[in-house]
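What follows is the residue order along each chain.
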Amino acid sequence: MRDSYDLVIIGGGVIGASALWNIKAQGFKGNVALFERGDALAEETSAKSAGAFRNLWGSRINLDMCNYSIRFLETFEKDFSIPIGFHKHGYLFTFYEKRWNEIKAYKPNLDAAGVRSELLSPEEIEKRVPGLKAGVSHMDPDIVEFAGFEPITGGLFGPDCGSFDPSAAAKGYVERTEREYSSSVEVHLRTEVKRIEFDNNKVKGIELSNGRRIGAGMLVVAAGPWSMQLLAASGLRDDENLPVEPLKRQLFITNLPDVPGYEHIPLTIIDRGIYFKYETGNLQIGRADPEQKPGFDQSPSLAYYKDEVAPYMQERIPAAAHCNVKNMWAGLYSMTLPDHNGILGQHPSYPGLYLANGWSGHGAMVAPAAGVALAELITQGSYKTVDARPLRFERFAEQDLVHEEIVI
Ligand SMILES: Cc1cc2nc3c(=O)[nH]c(=O)nc-3n(C[C@H](O)[C@H](O)[C@H](O)COP(=O)(O)OP(=O)(O)OC[C@H]3O[C@@H](n4cnc5c(N)ncnc54)[C@H](O)[C@@H]3O)c2cc1C
């Protein structure tokens, strides 16, 4: 380990890994070190992710970030010599009548952006997801009223959406960077950064948890949901810190419903934001808990599945009545409170401090674009590939938030 580096990256998840590769690939000549406190790369949020990607978005910034990222991920296995399970299985949002009428208005935007999408009728949805019943006549009327079920009126389907393994991609990024830039790149595992040090607000270096001090000319904070703690420990005031909270999100692995054809379903989002996709002979099911309190708890709850997911899912898909949990886990969203979108770029009050945080539920799918954008900002002073200015930290003070309508 050196006494100082030209650039330090804190966090070895998919965002830090993408930043590392892109910064070197863009021609940054200086020494770069990535510090990850875990025993291995990308074992936190990036490993807990559903890894889904989509290009169905309402906002320009999310469309641009995801279009770039999906194209990049398409050839990742070949380019980085590592399997990442990239698979375009499609993505299907289903809607009740009121929301359906609003969502249909986004179709021309998607067409104009070159995004392939289809508006599906209830019958077409039933064909794509075996056993799903779009109406409510098969349900007990008391349950319909109690749970607020309505008939599904339409669906938005994206054939170019799918999923991949973000932690495998993180390893691919880092291993290739180490292979190609071995003389100017170091990756230190089991190395926790305790705080960032500044000199008159300019980045000066870091202090590790073992007490060692290391100089740094520039610094990228990619510490996922722990970034806010790190910045607070480094002396940033609340109004200078990220408006981001850690929020538990859970995924459940169950057996498949009792109908054939689940190998070919798209990732499907139904009532109450329940989403599911095929996962090597099983079903992966998730639902964001609207009652979840912020915090670092990562314990999964079977009761949550039994009370808040399964009963609603089996009303919509009676064949899912015997989908029993085989495995489950929880991870943390870094939830950007004002608008649920990422924060990227240099901190306006701390020269040399670059932020790549707050990705909420879509940090895996934008990681390739986030890395390339950050690298361009650092090496060339402005964005070239994707104009990521809408994600700047200053947007909160300016009240210029990202408005995204196509959300789970
Ligand atoms: C259940 C769940 C499902 C999700 N599904 C999707 C999805 O389908 N699609 C999608 O795009 N996104 C999804 N996400 C979100 C996505 O996984 C994250 O946005 C993304 O992985 C964030 O990557 P990251 O590198 O910022 O964070 P992380 O992967 O958490 O990496 C941060 C790293 O920083 C390290 N670190 C922290 N503090 C320090 C320190 N002080 N010193 C050194 N190292 C430190 C941590 O150990 C960690 O490895 C999901 C998230 C969850 C929890």
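Residues numbered from 1 in each chain as written. Predicted model: local features only at pLDDT ≥ 70, side-chain atom pairs only at ≥ 80, totals over all residues. Heavy atoms only, no water.

Visitor: Run through the packing of aromatic side chains, naming residues and quoting values.
Guide: Here the structure, examined in full by the defined rule, presents 21 aromatic pairs. Plain terms: the ring middles of Tyr68 and Phe72 are 5.9 Å apart, the flat faces sit at 25° to each other, and that makes the pair stacked. Here Phe72 and Tyr68 lie together in helix H3 (residues 60-74), a separation of 4 residues that amounts to about one turn. The two residues Tyr68 and Phe72 agree in class, both being buried. Summarising the aromatic geometry, the rings of Phe149 and Tyr312 are spaced 6.3 Å apart at their centres and angled 45° between planes, so their arrangement reads as tilted. One end of the pair, Phe149, is in the loop between helix H8 (141-147) and strand E6 (154-158); the other, Tyr312, is in helix H11 (residues 302-316), and 163 residues separate them in sequence. Here the aromatic residues Trp21, Tyr68, Phe72, Phe76, Phe80, Tyr173 and Tyr181 are joined through ring pairs into a cluster of three or more. (Phe/Tyr/Trp six-rings, centres within 6.5 Å; stacked < 30°, edge-to-face > 60°. Helix = DSSP H or I, 4+ residues; strand = E, 2+ residues; numbered from the N terminus. Buried < 20%, exposed > 50% of the residue type's maximum accessible area, 1.4 Å probe, protein only.)

Visitor: I'd like a rundown of H11, residues and numbers included.
Guide: Taking 1.5 Å of rise per residue, the 15 residues of H11 would be expected to cover 21 Å, and the 20 Å separating its terminal C-alpha atoms lies within 8% of that figure. Along H11, the helix axis deviates most sharply at Val309, where the bend reaches about 40°; the proline Pro311 sits within four residues downstream. Within H11 the residues assigned to the buried category are Tyr304, Tyr305, Val309, Ala310, Tyr312, Met313, Glu315 and Arg316. For H11, the secondary structure elements touched by its buried residues are H8, strand E12 (244-254), strand E14 (275-279), strand E15 (282-286) and strand E16 (325-336). (Expected span 1.5 Å × (residues − 1). Bend = angle between axes of the 7 residues up to and from the residue. Contact = heavy atoms within 4.5 Å.)

Visitor: I'd love a proper account of the sheet that holds E14, names of residues and values included.
Guide: The 8 strands are arranged E5-E6-E4-E13-E14-E15-E12-E16 in an open sheet whose pairing can be described as mixed. Each edge of the open sheet carries a strand with a single partner, namely strand E5 (118-120) and E16. Between one strand axis and the next, the sheet turns through 20° on average, direction left out of account. Two strands pair when backbone bridges link them, and E5 and E6 are joined in this way by 3 bridges, in the antiparallel orientation. Counterpart to Glu118 in the pairing with E6 is Phe157. (Pairing = 2+ DSSP bridges. Axes fitted to C-alpha atoms, helices over the stretch in contact; angles between N-to-C directions.)

Visitor: Can you explain unusual backbone geometry? Please cite residues and give values.
Guide: Its identity as a non-glycine residue notwithstanding, Arg272 has a phi of 60°, on the positive side. Counting through the fold element by element, Arg272 comes out in the loop between strand E13 (267-269) and E14. Here Arg272 falls in the partly exposed class, since its relative accessible area comes to 35%. A positive phi angle, close to 35°, is found at Thr280, a residue other than glycine.

Visitor: For the layout of surface pockets, give the residues involved together with the corresponding values.
Guide: What the second largest pocket holds in volume is close to 420 Å³. Along its surface, the second largest pocket is lined by 24 residues, and Gly85, Ser163, Lys277, Tyr278 and Glu279 are the ones closest to its centre. When contributions to the lining of the second largest pocket are tallied by element, the ones reaching two or more residues are helix H2 (45-48), helix H9 (166-180) and E14. Of all the elements, E14 adds the most residues to the lining of the second largest pocket, at 3 residues. Of the residues in the lining of the second largest pocket, the class split is 8 nonpolar, 11 polar and 5 charged. Counting contributing residues, the lining of the second largest pocket receives three or more from each of domain 1 (4-84 + 165-243 + 338-398) and domain 2 (91-159 + 245-336). (1 Å grid on protein atoms, 1.4 Å probe; cavity = no way out; pocket = protein on both sides within 12 Å on 5 of 7 lines; lining within 4 Å. Points joined across faces, edges and corners; volume = space filled by probe spheres on them. Nonpolar A, V, L, I, M, F, W, Y, C, P; charged D, E, K, R; others polar. Domains from an automatic or database assignment.)

Visitor: Explain the pairing of strand E17 (residues 343-346) to me, using residue names and the numbers behind them.
Guide: Both E17 and strand E18 (residues 353-357) contribute to a ladder of 4 bridges, which runs antiparallel. In the sheet register, Leu344 faces E18, and the bridge partner there is Ala356. The antiparallel pairing of E17 with E18 creates a hairpin that spans 6 residues between the two strands, and Gly352 there sits at a positive phi of about 90°.

Visitor: Go over the site of the ligand, please, and point to the residues and values.
Guide: If you check the shell around the ligand, you find 37 residues, and the closest are Glu36, Thr45, Ser46, Ala52 and Met365. Thr45 has a polar side-chain atom sitting 2.5 Å from an oxygen atom of the ligand. A distance of 2.6 Å separates an oxygen atom of the ligand from a polar atom in the side chain of Ser46. Relative to its unbound accessible surface of 1000 Å², the ligand loses 97% to contact with the protein. Counting residues per element, the ones that place at least two in the shell around the ligand are helix H1 (14-25), H2, E12, E16 and helix H12 (363-380). (Near = heavy atom within 4 Å. Polar contact = N/O pair within 3.5 Å; in protein donor to acceptor, adjacent residues only side chain to side chain. Areas by Shrake-Rupley, 256 points an atom, 1.4 Å probe, with all protein chains shown as cover.)

Visitor: Which residues make up the pattern of salt bridges, and what are the values?
Guide: Counted by the stated rule, this structure contains 31 salt bridges. In this structure, the salt-bridge partner of Arg392 is Asp400, at a minimum N-O distance of 2.9 Å. Residue Asp400 is classed as partly exposed on the basis of its relative accessible area of 39%. A cluster of three or more residues bridged by salt bridges with shared partners is formed by Lys194, Arg195, Glu197, Glu207 and Arg213. (Salt bridge = Lys/Arg side-chain N within 4 Å of Asp/Glu carboxyl O.)

Visitor: I'd like a description of the packing of H1 against H12, backed by residues and values.
Guide: Remark: H1 packs on H12, axes separated minimally by 8 Å, with the N-to-C direction vectors making an angle of 40°. In terms of orientation, H1 and H12 fall into the oblique class. Of the two elements, H1 crosses H12, and the hand of that crossing is right-handed. Each of Val14, Ile15, Ser18, Ala19, Asn22 and Ile23 in H1 lies in contact with H12, whose residues at this interface are Gly363, Ala364, Ala367, Pro368, Ala370, Gly371, Val372, Leu374, Ala375, Ile378 and Thr379. In the contact of H1 with H12, the residues fall into 12 nonpolar, 5 polar and no charged. (Parallel < 35°, antiparallel > 145°, perpendicular 65-115°, else oblique. Left-handed = near helix turned anticlockwise from the far one by under 90°.)

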